[in-house]
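Residue-level structure breakdown
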Amino acid sequence: MRTDSELIKDFQRGSNEAFDELVSRHLPSTFGFFRKFTDSNEEAEDLAQSIFIKMYKALKKFRFDSEFKTYLFRANVNMSNTYLRRNKWRNMLHLDQAPESTFVDSSVEDAWMKKELWDAIATLPKKQRLVMTMRLTNNHSYKEIAAILGISENSAKVSYHHAVERLKEKFKK
């Protein structure tokens, strides 16, 4: 099996089959990443498709400064932050569409709480937001987070701790 780097080099030489193989290899994890916080298969598919459209354009100039997996994950995190910012207002405008009080659907409440959590995460400072997202979506270790973000393992732990403290404060109100 060819490595991601070999596939990218082949793609840069004009092989669309190499790109298709990269997509096949990484689409399930990319879809899963977006599915965890969108709570919608359709939106997760749209976001994953958008990522690979961006990858198609960006990989032609890929410089191999980092592993493709790291590059893709950074793109996923950036896309998720954009998604959360873009949908914040849409979610706030639909507050009046809550279910009748006589009927309680826990799946609606769970989805609401998940959206509220991701909206709160979107307001964290950038490093805290990235660390928190990586821990929650892919359960990355602090060592992996440090390598991806180019920070120390201790800095990743501290950022996560501060993010948790800020979220606790937000949800106390």
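Structure first, text after, so check above.
In this report, the structure presented in the accompanying data block is examined. Keep in mind that what you see is a predicted model, and the values were worked out from it rather than measured.

From N to C terminus, the protein includes eight helices and zero strands. Pairs at least 24 residues apart make up 60% of the contacts formed inside the protein by residues separated by at least 6 positions. Accessible area for the protein stands at about 10900 Å²; split by element, carbon and sulfur atoms hold 53% of it.

This next bit is on the packing of aromatic side chains. Evaluation of the coordinates by the stated rule reveals eight aromatic pairs. Ring centres of F33 and F34 lie 5.2 Å apart, and the angle between their planes is 80°; on these two criteria the pair is classed as edge-to-face. For the residue pair F33 and F34, the accessibility class agrees, reading buried in each case. Seen from their ring centres, F62 and Y71 are 5.0 Å apart, and the 70° between their planes marks the pair as edge-to-face. A relative accessible area of 9% means that F62 is categorised as buried. Note on Y71: relative accessible area 26%, which makes it partly exposed. Through successive ring pairs, a cluster of aromatic residues spans F11, F19 and Y56. The ring of Y142 is capped by R135, whose NZ or CZ atom sits 4.2 Å from the centre of that ring.

Okay, the packing of helix α6 (residues 126-138) against helix α8 (residues 153-172) next. Following both chains from N to C, one finds α6 and α8 inclined at 95°, their axes separated by 8 Å at the closest point. Judged by the angle between their axes, α6 and α8 are roughly perpendicular. Facing α6, whose interface residues are K127, Q128, V131, M132 and R135, α8 presents S155, A156, S159, Y160, H162, A163, V164, R166 and L167. Of the residues belonging to the contact of α6 with α8, the class tally is seven nonpolar, four polar and three charged.

Evaluation of the coordinates by the stated rule reveals seven salt bridges. Here K168 ties to E165 by a salt bridge, and the two come within 3.7 Å at their closest N and O atoms. Of this pair, K168 and E165 are both found in helix α8, three residues apart, which corresponds to roughly one turn of the helix. Put simply, R2, D4, D10, R13, E21 and R25 are held in one network by salt bridges that share partners.

Take the environment of E153 next. Along the chain, the position of E153 falls in helix α8. Residue E153 is classed as partly exposed on the basis of its relative accessible area of 37%. Discounting chain neighbours no more than four positions away, the residues touching E153 are Y142, K143 and A146.

With their axes 8 Å apart at the nearest point, helix α7 (residues 142-149) and α8 run at an angle of 105° to one another. It follows that α7 is roughly perpendicular to α8 by the angle criterion. Two secondary-structure elements touch here, α7 through Y142, K143, I145 and A146 and α8 through E153, A156, K157 and Y160. Of the residues that constitute the contact of α7 with α8, the class distribution is five nonpolar, no polar and three charged.

Attention shifts here to the nonpolar core. Counting residues in each nonpolar core, the largest one holds 40 residues, and the members touching the most others are F19, F34, I51, F52, M55, L59 and F68. The set of elements that each furnish at least two residues to this core consists of α1 (4-12), α2 (16-38), α3 (41-58), α4 (68-93), α5 (106-122), α6, α7 and α8. If near-sequence neighbours (up to four positions away) are discounted, M55 is found in contact with F19, F68, Y71, L72 and A75.

What counts, and where the lines are drawn
Residues numbered from 1 in each chain as written. Predicted model: local features only at pLDDT ≥ 70, side-chain atom pairs only at ≥ 80, totals over all residues. Heavy atoms only, no water. Helix = DSSP H or I, 4+ residues; strand = E, 2+ residues; numbered from the N terminus. Contact = heavy atoms within 4.5 Å. Areas by Shrake-Rupley, 256 points an atom, 1.4 Å probe, with all protein chains shown as cover. Phe/Tyr/Trp six-rings, centres within 6.5 Å; stacked < 30°, edge-to-face > 60°. Buried < 20%, exposed > 50% of the residue type's maximum accessible area, 1.4 Å probe, protein only. Lys NZ or Arg CZ within 6 Å of the ring centre and 35° of its normal. Axes fitted to C-alpha atoms, helices over the stretch in contact; angles between N-to-C directions. Parallel < 35°, antiparallel > 145°, perpendicular 65-115°, else oblique. Nonpolar A, V, L, I, M, F, W, Y, C, P; charged D, E, K, R; others polar. Salt bridge = Lys/Arg side-chain N within 4 Å of Asp/Glu carboxyl O. Core = buried A, V, L, I, M, F, W, Y, C linked by side-chain atoms within 4.5 Å.

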